[in-house]
Amino acid sequence: MSKNLVIVESPAKAKTIEKYLGKDFHVLASYGHVRDLVPKEGAVDPENDFAMKYQLIERNQRHVQEIIKALKKAETLYLATDPDREGEAISWHLLELLKEKNILKKKAVHRIVFHEITKKAVTEAVANPSELAIDLVYAQQARRALDYLVGFNLSPLLWKKIRRGLSAGRVQSPALRMIVERAIDIEAFKKREYWTIDGHITVEKQDFKAKLTYLEDNKLKQFSITNEKQASKAQQQLTEVANGQLVVAKIEKKQRRRNPSPPFTTSTLQQEAARKLGFTTKRTMIVAQQLYEGIDIGGESAGLITYMRTDSVNLSGDATTEIRDLIAQKYGEENVPKEPRQFKTKSKNAQEAHEAIRPTAANQLPSQIKSYLSTEQYKLYNLIWKRTIACQMTHATLNLVAIDFNCGSTKDVFRATGSTIAKPGFMAVYLEGLDDNKEGDDKEHFLPVLTVGDNIPLNEIVADQHFTEPPPCYSEASLVKSLEEHGIGRPSTYATIISTLQNREYVTLETKRFQPTDVGRIVNKFLTEHFTKYVDYNFTADLEDNLDAVSRGEKDWIPLMKDFWQPFKDLVKEKDETVQRKDVTQEALDEKCPECGNPLSIRLGRNGRFIGCTKYPDCSYTRNLNDDGSESNEPEVVEGRKCPKCESALVIKTGRYGKFIGCSSYPDCRHIEPLEKPEDTGIKCPECNKGNILKRKARSGKIFYSCEKYPKCKYALWNPPIKEACPDCNWPILTLKTTKRRGDEKVCPQKACKYVTPYEGNLEKAKEAE
């Protein structure tokens, strides 16, 4: 047995490190955290300096036993978990467990830290061991205690005041507030009409447009022309005075430099992967973890990127030298700046001074290792590699051109603008994406070569109607950006914040934009009205800053907890006693009930918000929230279809589980069908061989797949099927599955068969194709 035992979090990381360290070292995985707070009230004791009660995580019990068994035969223990608060806490919890078992006597214990899994980094860490950074542990404990106290005290209050099963969190509640406030802004937005007038021009077979900037010597602003009458008058007037041509009055030429973006931090990687690759924040972190922990490249496992949870934009000296050498070799000496580029983080309180996310070896080109990576791994590695290389290249030089055209006289002026890339510099490799950019990142507008005084043929003058638009709902990329700008959460928490809001059904993701649910709106209303301080962006950011100060050893965590706890506890008690359920779930309307004359209110039910009488249960009048209460508000008729049972009209109805199609002759005819028709996958049911497998939506909204011959055939799957026989058991189909540890896989759906193999295609596209 090896004399040295090394502990890491994951088996993939363990496999890679063991190869680097050789036979004198045995490497085992803890499989994440080994202990957590007991899942009941009293796990954190505020009366006893916030003492915490921990228990062994059941699923990791076997792994802890393996570690104990191996440690009994070892002389030295190396704790090699990730270089951040969570990694430090995992090592500390394991160490505490081992102390309780009394098996650390006469054994040396070391903490080793590395930010990339390469042979050089790992061996240097082993040669220069340190001790646990207890301040990082305190910071993690404080975060965990805060989250526990908020959850265990605020969630029961939500149960009482809104409905059972709800919960609130210290960090996700401000994030929910962001999403709800944006939705309210959009709903309250009043669009304004405005018009633009463009001259359509063709010169030497090149079409371009010039925008009207001066009309009758008045400079035009956005709302200078606000209706069709004004626009038509100006269009007609300009067409007459132009007489089919414009005159080049002025040409402005200048050059502009554009510098590259810094290398990736966690948040910028999540944002860019969402924009360019369509990845969710969760998917980005899963794939990044795989690249960090090690990929088998031609028989040798290697970590391909540095640690992926970081606020830093720094690059090591060795890495910068390697990158600059590669740029000179691959893109030419002219694209290497005289001095290496240095970047400063925009984050006002960067967590732990790591490096930025970069390839561990710049000369490991994406094209060279593509065959060893899954599709998602390749896409993310390619993105990281390009961004890293580009950040050390020369600036791009753009030629900007603006041409003014007189229309009949100098009083009416059109302007055309364009740009060309004079020297691409870093843009030859990489260009950062933009949120809500409809034209694309690198769209260029070329203008022909013209001279002042040239008469230019005018094709036509066109007036276009526009309306102002509200700010868009948050996408994953823009939400992460906003969270970072407000100082809410930290790199490792963004994906969890978003997943929690979705899992609790406070928000939904529609066309890649977050929409608050009715329950999410009510929860946010309750928190913002009654716990205003605790969902305030500045308060949350200041608390994060204080926790970071604990991690740096600048503050003690217990006084910080006391400052938070007592006011929070008192407020929870006060709201429990003074706030009534109807104050939260009902919203008064200036309208009388048509049946009893009492006031109506907006109420929250099992299926969302609706309008009901305040005298319920004495009066049971209700209607949908969007109905106006008039008698003409009939159910929407399904055009072109009749009930297959009685030939009556089909209508869209709302029931306990949402909208559905039903017969208008109910209750005489009880025919119903789902609003969204099941999609045919085109794959034959392997059990009955009679019907096809259909993609359906359960009442909960979850997607599943089942035989079209139901209820005669009850074959069903949770994962999308593919028309490919299992090579082990010959079952006619396989399914596509995503796991956190292994990514996308093809799996045999038969329980008795254990066939699993990596899936090399695009899982999202495969699901969409179903």
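Above this text sits the structure in question.
Residues numbered from 1 in each chain as written. Predicted model: local features only at pLDDT ≥ 70, side-chain atom pairs only at ≥ 80, totals over all residues. Heavy atoms only, no water.

A short note on the overall build of the protein chain
Scanning the protein chain from terminus to terminus reveals 19 helices and 35 strands. In terms of overall dimensions, the protein chain has C-alpha extents of about 100 × 80 × 65 Å along its principal axes. For the protein chain, buried positions account for 48% of its 770 residues. Restricting the contact set of the protein chain to residue pairs at least 6 apart, pairs at least 24 apart contribute 64%. About 40400 Å² of surface is accessible on the protein chain, with carbon and sulfur atoms providing 46% of the total. A distance of 4 Å separates the average location of the 119 positive side-chain charges in the protein chain from that of its 108 negative side-chain charges. (Helix = DSSP H or I, 4+ residues; strand = E, 2+ residues; numbered from the N terminus. Buried < 20%, exposed > 50% of the residue type's maximum accessible area, 1.4 Å probe, protein only. Contact = heavy atoms within 4.5 Å. Areas by Shrake-Rupley, 256 points an atom, 1.4 Å probe, with all protein chains shown as cover. Lys, Arg positive; Asp, Glu negative; His and termini not counted. Charge placed at Lys NZ, Arg CZ, Asp CG, Glu CD.)

A few points about the sheet that holds strand β21 (residues 599-605)
Pairing in this open sheet of 4 strands is antiparallel, and the strands run β20-β21-β22-β23 from one edge to the other. Single-partner strands in this sheet number two, and they are β20 (587-592) and β23 (622-624). Strand after strand, the sheet turns through a mean of 35° between neighbouring axes, direction not considered. Lying on the sheet, helix α15 (residues 518-530) is in contact with β21 and β22 (608-613); it crosses β22 at an angle near 75°. (Pairing = 2+ DSSP bridges. Axes fitted to C-alpha atoms, helices over the stretch in contact; angles between N-to-C directions.)

A few points about a positive patch on the surface
A grouping of Lys684, Lys690, Lys709, Lys712 and Lys723 is seen on the molecular surface, where their side chains present a positively charged patch. Among the secondary structure elements, lysine 723 is positioned in the loop between β32 (721-722) and β33 (734-739). (Patch = residues over 30% accessible without salt bridge, like charges linked within 9 Å, V, L, I, M, F, W, Y side chains within 5 Å. Salt bridge = Lys/Arg side-chain N within 4 Å of Asp/Glu carboxyl O.)

What about the packing of helix α10 (residues 317-331) against helix α12 (residues 375-390)?
At a minimum axis separation of 10 Å, α10 and α12 run at an interaxial angle of 95°. By the angle between their directions, the pair α10 and α12 is classed as roughly perpendicular. Between α10, through Ile323, Leu326, Ile327, Lys330 and Tyr331, and α12, the contact on the second element is made entirely by Trp385, Thr388 and Ile389. Of the residues assigned to the contact of α10 with α12, the class counts are 6 nonpolar, 1 polar and 1 charged. (Parallel < 35°, antiparallel > 145°, perpendicular 65-115°, else oblique. Nonpolar A, V, L, I, M, F, W, Y, C, P; charged D, E, K, R; others polar.)

A closer look at the pattern of salt bridges
Counted under the stated rule, the structure contains 33 salt bridges. Its salt-bridge partner being arginine 111, residue glutamate 88 comes within 2.8 Å of it at the nearest N-O pair. Of this pair, glutamate 88 sits in helix α3 (residues 85-100) while arginine 111 sits in strand β8 (residues 108-111), and the two are 23 residues apart along the sequence. Neither residue differs from the other here; glutamate 88 and arginine 111 are each classed as buried. Close ionic contact of lysine 250 with aspartate 404 constitutes a salt bridge, the shortest N to O distance being 3.9 Å. Of the two residues, lysine 250 is situated in strand β12 (residues 245-258) and aspartate 404 in strand β15 (residues 396-407); the sequence distance between them amounts to 154 residues.

Structural notes on the side chain of serine 482
Turning to its location among the elements, serine 482 is positioned in helix α13 (residues 476-486). Residue contacts for serine 482: discarding those within four places in its chain leaves Met178 and Tyr474.

Overview of the pairing of strand β30 (residues 703-707)
The sheet contact formed by strand β29 (residues 692-697) and β30 spans 5 bridges and is antiparallel. Its bridge partner being in β30, arginine 696 is matched across the sheet by phenylalanine 704. Pairing between β30 and strand β31 (residues 716-717): 2 bridges, direction antiparallel. Paired with serine 706 across the strands is alanine 716, a residue of β31.

Considering unusual backbone geometry
In this structure, the amide linkage connecting tyrosine 666 to the following residue, proline 667, adopts the cis form with an omega of 10°. With respect to the element layout, proline 667 can be found in the loop between β26 (658-663) and β27 (672-674). That bond from tyrosine 710 to proline 711 is cis: its omega, 10°, falls within 30 degrees of zero. If you trace the backbone, proline 711 turns up in the loop between β30 and β31. For lysine 106, which is not glycine, the phi dihedral falls at a positive 60°. Among the residues examined, lysine 106 registers a relative accessible area of 87% and is labelled exposed. The backbone of asparagine 243 sits at a positive phi, close to 55°, despite the residue not being glycine.

Quick look at the state of the cysteines
The final tally for this structure, using the stated rule, is 0 disulfides. With no disulfide of its own, cysteine 669 lies 3.7 Å from the sulfur of cysteine 643, the closest cysteine sulfur. Cysteine 729 forms no disulfide, and the closest cysteine sulfur to it belongs to cysteine 748, at a distance of 3.6 Å. Under the relative-accessibility criterion, cysteine 729 is labelled partly exposed at 34%. (Disulfide = S-S within 2.5 Å.)

Section: the packing of aromatic side chains
On inspection of all chains with the given rule, the structure shows 16 aromatic pairs. On the numbers, 5.9 Å between centres and 80° between planes, the contact of tyrosine 194 with phenylalanine 223 is edge-to-face. Taken as a pair, tyrosine 194 in strand β9 (residues 193-203) and phenylalanine 223 in the loop between β11 (218-219) and α7 (228-242) lie far apart in primary sequence, 29 residues in all. A relative accessible area of 17% places tyrosine 194 in the buried class. Look at phenylalanine 223 and you get partly exposed, because its relative accessible area is 27%. (Phe/Tyr/Trp six-rings, centres within 6.5 Å; stacked < 30°, edge-to-face > 60°.)

Points about helix α6 (residues 172-188)
Taking 1.5 Å per residue, 17 residues should reach 24 Å; α6 reaches 24 Å between its end C-alpha atoms and fits that length. For α6, the set of buried residues is Gln172, Ser173, Pro174, Ala175, Leu176, Arg177, Met178, Ile179, Val180, Arg182 and Ala183. Of the surrounding elements, those touching the buried residues of α6 are α13, α14 (494-503), β18 (507-510), β19 (513-516), α15 and α16 (537-551). (Expected span 1.5 Å × (residues − 1).)

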